[in-house]
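# Commentary on secondary and tertiary structure
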Amino acid sequence: MALTLTLTLHNFFRSSTSTRLRAALNLKGLEYDQIAYVLRKGETRTPDYLKINPQGLVPSLEREDGKVLTQSLAIIEWLEETHPEPALLPKDADGRARVRALAQMIALEIHPLNNLRVLSYLAEHLGADEAALQAWFAHWVRTTFDALETMLARDAETGQFCHGDTPGLADLCLYAQVWNNKRFEVDIATWPVIAGIFARLDALPAFRDAAPPNQPDTA
């Protein structure tokens, strides 16, 4: 039985972790309120927000019972357990392992090196200029996307989306990352399989409505 609670999403329109969670909520057909924070203004570092999420990160998903969930992948797994349809993970163990691996290639290999905290540290403490930051970002995207493209092109499990013909956990991460890549002028045409999957995801309302340009706080 699905858990039904009023949900408040603390997020930022451009945050890739926020984008993947918005898409997951949309796929599950769940309504949620949004509270937006401007990361570059330090709005997630205020005492009020740190009471919600001591890490000072987005997204956080707050339930009406006061429970706050953090870390996008953990929240998505919670959604999968409490609202199992439509499924974001395959029914078979091998399929679940593959989808989680594809998702983690993006969420654990690219994102931690290319998020705002890291880029800000490189600029403020190591003197990296905009060109250096763009090169750093593109390097870590290419390192993983080259391998991801190979795996998606090689594996028989790949369909219209990362795994079969329905979008799931890996697609949430891929979609959000490609939007992030656009900001740093990383050309998706380099990876035709990824580009095709992204285009098909972007045609789905659940994903398109989660995209950064379509959020109320878009600047």
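This write-up is about the structure you can find in this document.

The rules we used
Residues numbered from 1 in each chain as written. Predicted model: local features only at pLDDT ≥ 70, side-chain atom pairs only at ≥ 80, totals over all residues. Heavy atoms only, no water. Pairing = 2+ DSSP bridges. Helix = DSSP H or I, 4+ residues; strand = E, 2+ residues; numbered from the N terminus. Axes fitted to C-alpha atoms, helices over the stretch in contact; angles between N-to-C directions. Contact = heavy atoms within 4.5 Å. Phe/Tyr/Trp six-rings, centres within 6.5 Å; stacked < 30°, edge-to-face > 60°. Buried < 20%, exposed > 50% of the residue type's maximum accessible area, 1.4 Å probe, protein only. 1 Å grid on protein atoms, 1.4 Å probe; cavity = no way out; pocket = protein on both sides within 12 Å on 5 of 7 lines; lining within 4 Å. Points joined across faces, edges and corners; volume = space filled by probe spheres on them.

### Some remarks on the sheet that holds strand S4 (residues 68-70)
Read from one edge of the open sheet, 4 strands run S2-S1-S3-S4, paired in mixed fashion. In this open sheet, the two edge strands, each paired with only one partner strand, are strand S2 (33-36) and S4. Going from strand to strand, the sheet's axes swing by 20° on average, the running direction of each strand aside. Pairing of strand S1 (residues 7-11) with S2 involves 4 bridges; the strand directions are parallel. Looking at the pairing, Leu-9 lines up with Gln-34 of S2. Sitting on the sheet, helix H1 (residues 16-27) is in contact with S1, S2 and strand S3 (60-63), with an inclination near 160° to S1. Most of the contacts of helix H3 (residues 72-82) go to S4, to which it runs at about 120°, and overall it touches S3 and S4.

### A look at the packing of aromatic side chains
Taken as a whole, this structure holds 9 aromatic pairs when the rule is applied. On the basis of an interplanar angle of 55° and a centroid distance of 4.6 Å, the ring pair of Tyr-37 and Tyr-49 is categorised as tilted. Here Tyr-49 lies in helix H2 (residues 47-52) and Tyr-37 lies in the loop between S2 and H2, a separation of 12 residues in the sequence. Across this residue pair, the class does not change: Tyr-37 and Tyr-49 are buried. Ring centres 5.1 Å apart and planes at 80° place the aromatic pair Phe-145 and Trp-191 in the edge-to-face group.

### Let's talk about the layout of surface pockets
Counted as a void, the largest pocket has a volume near 770 Å³. Lining the largest pocket are 34 residues, and of these Leu-57, Val-58, His-111, Asn-115 and Leu-116 sit closest to its centre. Elements that contribute at least two residues to the lining of the largest pocket include exactly H1, H3, helix H4 (93-114), helix H5 (116-126) and helix H7 (169-183). The element that contributes the greatest number of residues to the lining of the largest pocket is H4, accounting for 5 residues.

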